[in-house]
Amino acid sequence: MTEDKENKEVSLVGLTKKEIKDSLRKLDIPDQQLNMRVNQIWGWVYNKGINSIDEMTTLSLDLREELKRYHNLERPQISDEQISKDGTKKWLLKFNDGSEVETVFIPDDERGTLCVSSQVGCTLNCTFCHTGTQRLVRNLTSQEIVSQIIIAKDSLSEWRQEPRQITNIVMMGMGEPLYNFESVRDGILTMSDDAGLSISKRKITLSTSGIVPKIKMAGDEIGSMLAISLHATNNDLRNEIVPINKKYPIEELLEACRNYPGLSNSKRITFEYVMLKGVNDSEAEARDLVKLISGIPAKINLIPFNSWPGSSYECSDWEQIEKFGDIVNRGGYASPIRTPRGEDISAACGQLKSDTKKVRASEKYKKELAKIESKRIGRL
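Each chain carries its own residue numbering, running from 1 in the written order of its sequence. Where totals are concerned, whole chains, interfaces and linings use all residues; where local detail is concerned, this predicted model gives features only for residues with pLDDT of at least 70, and gives and counts side-chain atom pairs only at 80 or more. Only hydrogens and water are set aside; all other atoms, that is, all heavy atoms of the structure, feed into the side-chain values.

### Digging into the confidence of the model for the protein
Looking at any residue, its pLDDT shows the predictor's confidence there, from 0 to 100. Taken as a whole, the protein shows an average pLDDT of 88; of its residues, 86% reach a score of 70 or greater. What makes two residues a contact is simply this: any of their non-hydrogen atoms within 4.5 Å. In this model residues 356-369 is a low-confidence stretch, pLDDT under 50, and it forms seven contacts with partners more than four residues away in sequence or in other chains.

Here it is, written out as structure tokens:
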């Protein structure tokens, strides 16, 4: 009985095909049927988005009952859900051990982008990023990475809806994806499988602050689009705002980018550049940026800095951002200015942080005080 209880806690949601297959071996399914059963379960979980093993009607009743001894279709718990005035949606998700991460959906006219986390917290301490102020708790499993997409599809009622709302995935949430390489790799391979979630790798972008030894591995073993959090054009400044640069300086980072497998004009690298007033936004730095990435098929995303409590940075003036972008454009690189989204719910780039328990507790405390004060006034 104890073994069954423990096994029941293993959800099928987010598992890889190998993990499902390994689990099915416990059910005495003949080897020649294993692949068929895996594909059937895979379709129900990732194509249909069902919530109960009883709905797997292509499996026999006996097999379904046996499967329920070891598995369920539980999702992470939604601790909090917020919707911005611009339609951006943010979920605070809690996993079985109590760890929490934030996942954000950004709707647009032509596409919908889901920003997925790879770690609980972060170890990089980029000075402009709110997530960097939260200590690293642990890596997410591939199952937990994929389950963020499942939760979003549930919430958006997308399973039986066309066209899709979620068209793009960006591994730009909490954490450094390349410090959790195996789980991120397995998660992306699961979400891009044609028989399930079927999200093209050209619609999946992995963003890294520059873990140089893992960049080629990402190209070889994952094959998604690549984004580099650059944010500076020289080592002195980048050492300050992106401290991992002390270990992997700009020269090594750009060499890894030039050698990224599959790099071409149709598979460009995105360089992300947050605009910090008086720090990295001069016209001279725009010209340096063009020289720095010369020869790399790329585009530059200019990101207006999104403020957060305690930050010493300010966003560059809009006029200065446009001047910066014009120089980059004239240098031959597309330089779209990213429109800030979800700022009113702290869902914008660099604002994600999951340790919101104190905030919620504070709000609850204030509400309780208000109730007490209201009763007191009522008795006067």
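So much for the structure itself; the text now carries on.
### Some words on helix H9 (residues 250-258)
Those residues of H9 not exposed but buried are Ile250, Leu253, Leu254, Ala256 and Cys257. Buried residues of H9, seen end-on, are gathered within an arc of 155 degrees and therefore sit on one face of the element. Of the surrounding secondary structure, the elements contacted by the buried residues of H9 are helix H7 (212-221), strand S11 (225-229), helix H8 (235-241), strand S12 (269-275) and helix H10 (283-292). Relative accessibility thresholds used throughout: buried, under 20% of the residue-type maximum; exposed, over 50%; partly exposed, between the two (1.4 Å probe, protein chains only). Helix numbers and strand numbers start at the N terminus; a helix is a DSSP run of H or I with at least 4 residues, a strand a run of E with at least 2. Read the arc as the range of directions from the helix axis to the C-beta atoms.

### Some thoughts on the packing of H10 against helix H11 (residues 318-330)
Axes here mean lines fitted to C-alpha atoms, for a helix over just the part in contact, with angles spanning 0 to 180 degrees between N-to-C directions. Where H10 meets H11, the axes come as close as 9 Å, and the angle between the chain directions of the two elements is 30 degrees. Compared by their axis directions, H10 and H11 come out roughly parallel. With respect to the hand of their crossing, H10 and H11 are arranged in right-handed fashion. Contacts between H10 and H11 pair Glu283, Glu285, Ala286, Arg287, Leu289 and Val290 from the former with Gln320, Lys323, Phe324, Ile327 and Val328 from the latter. For classification purposes, an angle smaller than 35 degrees is called roughly parallel, one larger than 145 roughly antiparallel, one from 65 to 115 roughly perpendicular, and anything else oblique. Here a crossing is called left-handed whenever its near helix is offset anticlockwise from the far helix by less than a right angle, and right-handed whenever the offset is clockwise.

### Observations regarding the pattern of salt bridges
Opposite charge on two side chains makes pairing possible when the charged atoms of those side chains draw close. Within this document, salt bridges are pairs made up of a side-chain nitrogen of Lys or Arg and a carboxyl oxygen of Asp or Glu, the two lying within 4 Å of each other. Per the counting criterion, the structure on display carries 17 salt bridges. Lys68 is the partner of Glu65 in a salt bridge, and the nearest nitrogen-oxygen pair spans 2.9 Å. With Glu65 and Lys68 both in helix H4 (residues 61-68) and three residues apart, the pair spans about one turn of that helix. On the basis of relative accessibility, which here comes to 40%, the residue Glu65 falls in the partly exposed class. Take Lys68: its relative accessible area is 24%, and that puts it in the partly exposed class. Ionic pairing is found between Lys216 and Asp220, a salt bridge with its closest N-O pair at 2.7 Å. Of the two residues, Lys216 and Asp220 both sit in helix H7, four residues apart, roughly one turn of that helix.

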